Amino acid sequence: MFKTIEWTNEGVRMIDQTRLPAEEVYVTCKDAAEVANAIKRMVIRGAPAIGVAAAMGAALAVSRSSAPDMERLRQDFEAGAQCISQTRPTAVNLFWAIQRMRAEFDRSMAADGSDEDRIRRAKERLVAEARQVLEEDIAANRAIGRHGAALLGSSATVLTHCNAGALATGGYGTALGVIRAAVGAGKKLRVFADETRPFLQGARLTAWELASDGVPVTLITDSMAGHFMKQGALDAAIVGADRIAANGDVANKIGTYSVAVLARENRVPFYVAAPLSTVDLSLASGDQIPIEERSPEEVTHLAGVSIAPGNVEARHPAFDVTPHRYVTAIITERGVARAPYTESLRALTQ
Ligand code: MRU
């Protein structure tokens, strides 16, 4: 299977998600600025994958530095962290990963020894920490998969929105991790994938990932989801998340809110699968989650071809917030949280 992202001697290697499904090509980022650019351009995307990329970008900022002393090494770390922090605001995993790398740097800074020794150790430790972030993410997704698979029947058709698969994480996936685990446990699953306008993560990435794995997948346009729910064709909806507030409000790909409301109307359970690195207990509710506004051109154009009059105004909020009352359960690596989320999420993070 492809590797979404990995640390290599040449730099941070990632599959270029802007080229899928037509071409499976890889890019190697050699410094933090290149990683930041890859996140911004969505060469790598999906909250946990962005977190891994941010950690590896911070590791590059230190490991490739020629700073002669720890103070200047810290400046190089902070410059890299700053550059990466300015790419995409919604997925909290990016900021979580930078903070984790900063804590590792602080430990190296506080260690005994000459500057030369501390610089060498800081470089080793930051690279090791970034690789650890990747490994832990994959392990978390496998655990999410196990917890989530138990919620599905022995035969089920599941709707998903956007791509919360191996491509969106270190590997295995969150929402698609649940589906992989269920299939692995012998359940008969079919996935309905929303195409996910305007960036088409569902059509380009989810359909590609599932088809490559041999999981039956049916591609639909976003506006068809309600129709299929009303027909009784869908047993559950499972999505990922970019940031979950303390009260269980969920920021995820634009269109997720509509899926959740339709699911409630049609009595379809609506599950969110996400690692605890996506939970932001510092925000009381989803109203405080920053929503990225992307270029309107992604709405007015499809694959570079204009689909609207040249002078029309367009908007492109890349995420929306689903109020917690629509969320049946949040599946994490430590177990399944249910309402009241303020209590259940806090308990899982302790
Ligand atoms: O804009 P994207 O493609 O980065 O948005 C991705 C999503 O919204 C995913 O559903 C979310 O990050 C969870 S990925 C496990």
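Note that the coordinates shown come from a computational prediction; the quantities given were computed from them, not determined experimentally.

Draft legend 1. Expanded view of the state of the cysteines. If you walk through the whole model with that rule in mind, you get zero disulfides. Of all cysteine sulfurs, the one in Cys-83 lies closest to Cys-29, which takes part in no disulfide; the gap is 11 Å.

Draft legend 2. Quick look at empty space enclosed by the protein. Summed over all chains, the structure comprises one cavity of 30 Å³ or more. Estimates place the volume of the largest cavity at around 180 Å³. Taken together, 24 residues form the lining of the largest cavity, with Gly-46, Ala-47, Asn-163, Asp-242 and Asn-252 sitting closest to its centre. Those elements that provide at least two residues to the lining of the largest cavity are helix H2 (47-63) and strand S9 (250-253). When residues in the lining of the largest cavity are grouped by element, the largest group, three residues, is from H2. Counting residues domain by domain, the lining of the largest cavity receives three or more from each of domain 1 (5-139) and domain 2 (144-349).

Draft legend 3. Molecular detail of the nonpolar core. Ranked by size, the top nonpolar core spans 45 residues in total, and within it Ile-5 and Val-12 carry the most contacts. Elements represented by at least two residues in this core include exactly strand S1 (5-8), strand S2 (11-15), helix H1 (32-40), H2, helix H3 (70-85), helix H4 (92-110) and helix H5 (115-149). If you tally residues by element for this core, the top one is H2, at 13 residues. For Ile-5, the residues in contact, after removing those within four places along its chain, are Val-12, Arg-13, Met-14, Ile-44, Val-52, Ala-53, Met-56 and Leu-134. In this structure, Met-229, Ala-260, Ala-263 and Ala-337 belong to the second largest nonpolar core, which totals 28 residues.

Definitions and cut-offs
Starting afresh in each chain, residues are numbered from 1 along the sequence in its written order. Side-chain atom pairs in this predicted model are given and counted only at pLDDT of 80 or more, local residue features only at pLDDT of at least 70, and totals for whole chains, interfaces and linings cover all residues. The side-chain values count all of the structure's non-hydrogen atoms but skip hydrogen atoms and water molecules. A pair of cysteine sulfur atoms is labelled a disulfide when the two atoms are within 2.5 Å. The pocket and cavity definitions rest on a 1 Å grid over protein atoms only: a 1.4 Å probe that fits but cannot leave marks a cavity, an open set with protein on both sides within 12 Å along at least five of seven lines marks a pocket, and residues lining either have an atom within 4 Å of a point. Grid points are joined across faces, edges and corners, and a volume is the space filled by probe spheres set on the points. A helix here means a DSSP run of H or I that spans at least four residues, while a strand means a run of E at least two residues long, and both kinds are numbered starting from the N terminus. Each domain's extent was defined by an automatic or database domain assignment. We call a set of buried residues a nonpolar core when its members are Ala, Val, Leu, Ile, Met, Phe, Trp, Tyr or Cys and they connect through side-chain atoms within 4.5 Å of each other. Three labels apply to residues, based on accessible area from a 1.4 Å probe with only protein chains included: buried if under 20% of the type maximum, exposed if over 50%, partly exposed otherwise in between. The contact criterion used is simple: two residues touch if any of their non-hydrogen atoms lie within 4.5 Å.

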